[in-house]
Amino acid sequence: MAKKITVTLPKGVAVWPKLNEVDVYQPVDKKGKPSGAEKRRFITRLEFNDEDHRKVDTYLKKVLADNDMEGANLPWKDEKKDGKKTGKKHLEMTSGEKYPPPFIDSKGNEIPRSKVKIGGGSILKIDVTVNPYTGFGGGINLYMNDIMIVELKQRERNKMAVEEGGFVYDGSGDEDESEDLDDAGAPQNPVDLDDEADLPF
């Protein structure tokens, strides 16, 4: 069985993050009909600078080589604009619906998940479990354990959405958050780790 290890990736720019709410993806066949069970997960991609991109790619290829899986699939996804590939690749990572990854600030303090909305362009540093798999041609999946928010870009709100005399949030009700189950981030995905490592990024 392939070894699973944890590693903290270098910081990168979040691309199409769905980290506050579950992303629902329904696989389809070539005719566009549902094919298989829908996937419900938290997901993001990271864009690295050139140097860190090369380091991460080299590391992931070494993990494949160490597991006698050279040439198998890596979790890089092509960037597309207007339906065409740009030549850039982003690293994709996920976490199961029941395991929302905790958010922490740059000092290591955990942040209630309901208090921040991570938008595209945020700079994140993510601790992941590297999971080699052998099915479907083999490859590596990355599962999120913790997300450090280095720089937060909140999703844009509709600036036209103003109603005179309407409800205005004043922060009341923040005293007791023990009942807010949505703020309970999972410590990590439930995997048996054979090794732990930090990359020299």
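Since the model is a prediction, treat every value here as computed from it, not as a measurement.

K.L.:
Even after reading the chapter, I still don't get helix H1 (residues 50–66), so can you show me in this structure?
P.N.:
Since there are 3.6 residues in each turn of an α-helix, residues three or four apart along the chain are aligned in direction. The terminal C-alpha atoms of H1 lie 24 Å apart, and with 17 residues this matches the ideal 24 Å at 1.5 Å per residue to within 8%. Burial in H1 covers these residues: Asp52, Val56, Asp57, Tyr59, Leu60, Val63 and Leu64. Taken end-on, H1 shows its buried residues confined to a sector of 160 degrees, consistent with a single buried face. Exposed residues lying more than 90 degrees from the buried face of H1 are Asp50, Arg54, Thr58 and Asp66. Those residues of H1 hidden inside the fold are in contact with strand E1 (5–8), strand E4 (76–81), strand E5 (84–96), strand E8 (123–133) and strand E9 (139–151). Sitting at the head of H1, Asn49 places a side-chain oxygen 3.2 Å from the backbone nitrogen of Glu51. Downstream of H1 by a residue or two, Asp68 has a phi angle that is positive, lying close to 55 degrees.

K.L.:
Please clarify how the nonpolar core should be interpreted in this entry.
P.N.:
One broad rule of soluble globular proteins: the nonpolar side chains tend to lie buried together. Core analysis: the largest hydrophobic core is formed by 32 residues, its most contacted members being Leu60, Leu91, Met93, Leu124 and Val130. When contributions to this core are tallied by element, the ones reaching two or more residues are E1, strand E2 (12–25), strand E3 (39–47), H1, E5, E8 and E9. For Met93, the residues in contact, after removing those within four places along its chain, are Leu9, Phe42, Ile43, Thr44, Leu46, Ile126, Val128, Leu142 and Met144.

K.L.:
Looking at this structure, I do not really get the environment of Ala14. What am I missing?
P.N.:
Looking at the secondary structure, you find Ala14 in strand E2. By relative accessible area, which is 3% here, Ala14 ends up buried. Among residues more than four places away in sequence, those in contact with Ala14 are Thr44, Arg45, Leu46, Gly119, Gly120, Gly121, Ser122 and Leu124.

K.L.:
Looking at this structure, I do not really get the pattern of salt bridges. What am I missing?
P.N.:
Tallied over the entire structure, the rule returns 11 salt bridges. Taking the shortest distance from any N to any O, the salt bridge between Asp23 and Lys18 comes out at 3.6 Å. Asp23 sits in the buried class, given a relative accessible area of 16%. Residue classification places Lys18 among the partly exposed residues on the basis of a relative accessible area of 26%.

K.L.:
Would you explain the environment of Gly137 in this entry?
P.N.:
The topology assignment puts Gly137 in the loop between E8 and E9. In this structure the C-alpha to C-alpha distance between Gly137 and Ala72, which are 65 residues apart in sequence, comes to 6.6 Å.

K.L.:
Can you help me understand the confidence of the model for the chain in this one?
P.N.:
Close reading of the predicted structure is inappropriate where its pLDDT is low. Predicted confidence across the chain gives a mean pLDDT of 84, with 76% of residues reaching 70 or more. Across residues 177–182 the pLDDT falls below 50, and counting only partners more than four positions away or on other chains, this stretch makes five contacts in the model. Taken as a whole, residues 184–188 scores under 50 in pLDDT and shows 16 contacts with residues more than four places along the chain or in a different chain.

Rules of the game
Residues numbered from 1 in each chain as written. Predicted model: local features only at pLDDT ≥ 70, side-chain atom pairs only at ≥ 80, totals over all residues. Heavy atoms only, no water. Helix = DSSP H or I, 4+ residues; strand = E, 2+ residues; numbered from the N terminus. Expected span 1.5 Å × (residues − 1). Buried < 20%, exposed > 50% of the residue type's maximum accessible area, 1.4 Å probe, protein only. Arc of directions from axis to C-beta. Contact = heavy atoms within 4.5 Å. Polar contact = N/O pair within 3.5 Å; in protein donor to acceptor, adjacent residues only side chain to side chain. Core = buried A, V, L, I, M, F, W, Y, C linked by side-chain atoms within 4.5 Å. Salt bridge = Lys/Arg side-chain N within 4 Å of Asp/Glu carboxyl O. pLDDT = per-residue confidence, 0-100.

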